[in-house]
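Chain residues, written in single-letter form:
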Amino acid sequence: MTRSKFTPGPFPCGVMFVASNSIGTSLFVTGKTHVRHLQPLAKNAGSCSAKNTRRKSRMQAGATTLKAVASERRLCTQRSEEIMRDAVNVMPGGVSSPVRAFRSVGGNPIVFESTKGSKIVDVDGNEYIDYVLSFGPSVVGSANDEVIEAVSTQARKGLSFGAPSYLENQLAHAIIDAVPSAEMVRFVSSGTEACISAARLMRAYTGREKIIKMTGCYHGHGDSFLVSAGSGVATLGLSDSPGVLKSVASATIVVPYNNIEAIREVFRKHQGEIAGVFLEPVVGNSGFIEPLPGYLAELREITKQNGALLLFDEVMTGFRISYGGAQSHFDVTPDLTTLGKVIGGGYPVGAYAGPRHIMETVAPAGPMYQAGTLSGSPVGMAAGLKTLEILRRPGTYEYLQRITQRLVEGLLDAARSNGHEACGGSLYSMFGMFFTKGPVHNFEDAKKSDTEKFKKFHRGMLEEGVYLAPSQFEAGFTSLAHTEDDIERTIEAARRVLARIPA
Ligand SMILES: Cc1ncc(COP(=O)(O)O)c(C=O)c1O
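So, how was this worked out
Residues numbered from 1 in each chain as written. Predicted model: local features only at pLDDT ≥ 70, side-chain atom pairs only at ≥ 80, totals over all residues. Heavy atoms only, no water. Axes fitted to C-alpha atoms, helices over the stretch in contact; angles between N-to-C directions. Helix = DSSP H or I, 4+ residues; strand = E, 2+ residues; numbered from the N terminus. Parallel < 35°, antiparallel > 145°, perpendicular 65-115°, else oblique. Left-handed = near helix turned anticlockwise from the far one by under 90°. Contact = heavy atoms within 4.5 Å. 1 Å grid on protein atoms, 1.4 Å probe; cavity = no way out; pocket = protein on both sides within 12 Å on 5 of 7 lines; lining within 4 Å. Points joined across faces, edges and corners; volume = space filled by probe spheres on them. Nonpolar A, V, L, I, M, F, W, Y, C, P; charged D, E, K, R; others polar. Salt bridge = Lys/Arg side-chain N within 4 Å of Asp/Glu carboxyl O. Buried < 20%, exposed > 50% of the residue type's maximum accessible area, 1.4 Å probe, protein only. Near = heavy atom within 4 Å. Polar contact = N/O pair within 3.5 Å; in protein donor to acceptor, adjacent residues only side chain to side chain. Areas by Shrake-Rupley, 256 points an atom, 1.4 Å probe, with all protein chains shown as cover. Pairing = 2+ DSSP bridges. Core = buried A, V, L, I, M, F, W, Y, C linked by side-chain atoms within 4.5 Å.

Two numbers describe how helix α14 (residues 396-416) lies on helix α17 (residues 484-500): the axes approach to 9 Å, and their chain directions differ by 15 degrees. Judged on the interaxial angle alone, α17 and α14 are roughly parallel. As α14 runs across α17, the sense of the crossing is right-handed. Taking contact as the criterion, the partners of Y399, R402, I403, R406, L407, G410, L411, D413, A414 and A415 in α14 are, on α17, E484, I487, E488, T490, I491, A494, R495 and L498.

This is the structure in structure tokens:
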């Protein structure tokens, strides 16, 4: 893929930039008439684009030249900053979701213009290798041509019916074929909605109220889950959220992940009261953390013995950690599963699934009410179906596993060989690295990571053209579009950045 080239051009209401790369050509306009509340960027924006073009051609020239220019490398994000200055006046914190803010890494969020494959391009024309991938959905690569084709075909037939479509059957079948615990599926519009609904189902089915969750796991922003949550809640250092009813929060019992004795203790103390256990089978919302050997199987055993349900929240791991999700990889079948991200192929789709005898508690088959105007949206179903079809092709997971392992191996070596304490790991297309010698088995361990160092690492990588999630407590993602060259360039960038950061 060629790097973007921005050419300032005249436009009556401001300045028009022509952005072209292998993604195609796009136009965007700055100026009062077109972007309200923004100052025209005529003079400065041109210089920012020119700077970025110069920076990019140096980067393309190779690692030796890069070393030579390392000290003068400066990321020009003038246009992003302008947009964010406006955004904070019209949206809380300037973002539509807190994890997008750069609160824990400093500076302003980068504002993006386009993405394709493994690359993402910001409004100033900087191109990055993307390891965020919209926080997970884009496992086949962003704006995949086949997915776009499927979406366009469906969009021409209709955006939403508010009534059944055959696409829902097809995606439900694909999920049921892949995910061991799924016999029936209910589609919703986000991971949050899937988790809220599944918690209600746990309570409705068992007639019990208490739910166990793990510190640092994130299950969306439902009231029951905003207790010691991961992701943005952990990033912002919040323990709970005001506005959550105490009675709801008190029905959630929190234990550390990977600590089986803590679970046993809760079941001893609250006999007959626990509806179920909710967890990310592989944690992505405290950074990347794998389950200890036997942990998931023991949870399965304990929940069965106590008449409680086990739920794997596979919103992040579903179709990422193997085609059948983490439950398939670890060969442990929970009662219920929540899904999102990948199954919508970039569109807002979530789902919860389980055996028929539990799922038929849900209305209209049963009494537990849950509904949604845009649930099972045909465009989202089409995107999800095509994404799963691509993932079923031979060799996909082996490829993801190989490049991601190489990436983490390279990042850890880059850190350690520069004297930094580091640990990390990967499974298929999910990975993470902490600045602590580890091991990291739960959020309590993850908090030992040197977050000041992560902040410098994050900024340095941005300047090198690598986009990482703006928090130590988020997993990274690769996709089928990431090439071996992307991986090697990322590792080289990390070596340069980590050499500059004091150990
Ligand atoms: C494991 C997990 N569950 C639930 C959610 C919430 O999903 P959404 O952001 O689509 O509401 C997330 C989001 O990152 C997640 O990672």
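Regions of empty space are outlined by a rolling probe, equal in size to a water molecule, passed over the atoms. Counted according to the given criterion, the structure contains five cavities of 30 Å³ or more. Of the pockets and cavities examined, the largest cavity occupies roughly 200 Å³. Along the wall of the largest cavity there are 17 residues; nearest its centre are F431, M433, F454, L468 and E474. With three residues, strand β15 (residues 430-434) is the single largest residue contributor to the lining of the largest cavity. Broken down by class, the residue content of the lining of the largest cavity amounts to 11 nonpolar, five polar and one charged.

Another aspect to go through is the pattern of salt bridges. Under the counting rule described, the total for this entry stands at 22 salt bridges. One salt bridge connects E261 with R268, and the closest N-O pair in it is separated by 3.0 Å. A relative accessible area of 42% places E261 in the partly exposed class. Residue R268 is classed as partly exposed on the basis of its relative accessible area of 47%. A salt bridge links R496 to E464; its shortest N-O distance comes to 2.9 Å. Here E464 lies in the loop between α16 (451-463) and β16 (466-467) and R496 lies in helix α17, a separation of 32 residues in the sequence.

Right, let's talk about the site of the ligand for a bit. What surrounds the ligand is the set S190, G191, T192, Y218, H219, G220, E280, N285, D313, V315, M316 and K341. Between an oxygen atom of the ligand and a side-chain N or O atom of T192, the distance comes to 2.6 Å. In the environment of the ligand, a nitrogen atom lies 3.3 Å from a nitrogen or oxygen atom belonging to the backbone of Y218. Expressed as a share of its isolated accessible area of 390 Å², the protein-covered part of the ligand is 82%. Looking at the shell around the ligand, its residues break down into three nonpolar, six polar and three charged.

A few words on the layout of surface pockets. Approximately 690 Å³ is the volume found for the second largest pocket. What lines the second largest pocket is a set of 30 residues, among which E168, V185, R186, F187 and P364 lie closest to the centre. Counting residues per element, the ones that place at least two in the lining of the second largest pocket are α5 (166-178) and β7 (184-188). Here the lining of the second largest pocket gets five residues from one element, more than from any other, and that element is α5. A breakdown of the residues in the lining of the second largest pocket according to their chemical character gives 16 nonpolar, 10 polar and four charged.

Within a sheet, each strand pairs with its neighbour through backbone hydrogen bonds, oriented either parallel or antiparallel. The strand order β7-β13-β12-β11-β10-β8-β9 describes an open sheet built from seven strands, whose pairing is mixed. A strand with exactly one partner marks an edge of an open sheet, and here the two such strands are β7 and β9 (252-255). Averaged over all neighbouring strand pairs, the angle between strand axes comes to 20 degrees, with direction disregarded. Two elements, strand β11 (residues 309-313) and strand β12 (residues 336-339), share three bridges in a ladder whose sense is parallel. Each bridged residue has a counterpart across the sheet, and for F312 the counterpart in β12 is T337. Against the sheet, α5 makes contact with β7 and β12, and its axis sits at roughly 125 degrees relative to β7, the strand it touches most.

Turning to the environment of I176, a few remarks are in order. Structurally, I176 can be placed in helix α5. For I176 and A353, which are 177 residues apart along the polypeptide, the C-alpha to C-alpha distance reads 8.4 Å. Leave out the neighbours within four places in its chain, and I176 touches A182, E183, M184 and V185.

Before going further, it helps to examine the nonpolar core. In this structure, I175, F187, F319, L388, L391 and M430 are the most contacted members of the largest nonpolar core, which totals 42 residues. For this core, the elements supplying multiple residues, two or more each, are α4 (145-157), α5, β7, β13 (350-354), α13 (378-391) and α14. Tallying contributions element by element places α13 first for this core, with seven residues. In contact with L391, not counting residues within four places along its chain, are V139, V140, F319, Y323, V342, T396, Y397 and L480. Formed by 38 residues, the second largest nonpolar core is a distinct cluster that contains F102, F457, L462 and A469.

Glancing now at the sheet that holds strand β4 (residues 112-116). Read across the open sheet, the four strands follow the order β4-β5-β6-β16; overall the sheet is mixed. Two strands in the sheet have a free side with no partner beyond their single neighbour: β4 and β16. Where strand β5 (residues 119-122) and strand β6 (residues 127-130) come together, three bridges link them in antiparallel fashion. Paired with K119 across the strands is I129, a residue of β6.

So, on to unusual backbone geometry. The residue after A363, namely P364, is reached through a cis peptide bond having omega 10 degrees. For P364, the position within the fold is in the loop between α12 (356-359) and α13. Note that the residue after G438, namely P439, is joined by a cis bond; omega there is 0 degrees. Assignment of secondary structure puts P439 in the loop between β15 and α15 (443-446).

By themselves, these observations are geometric and do not establish any function.
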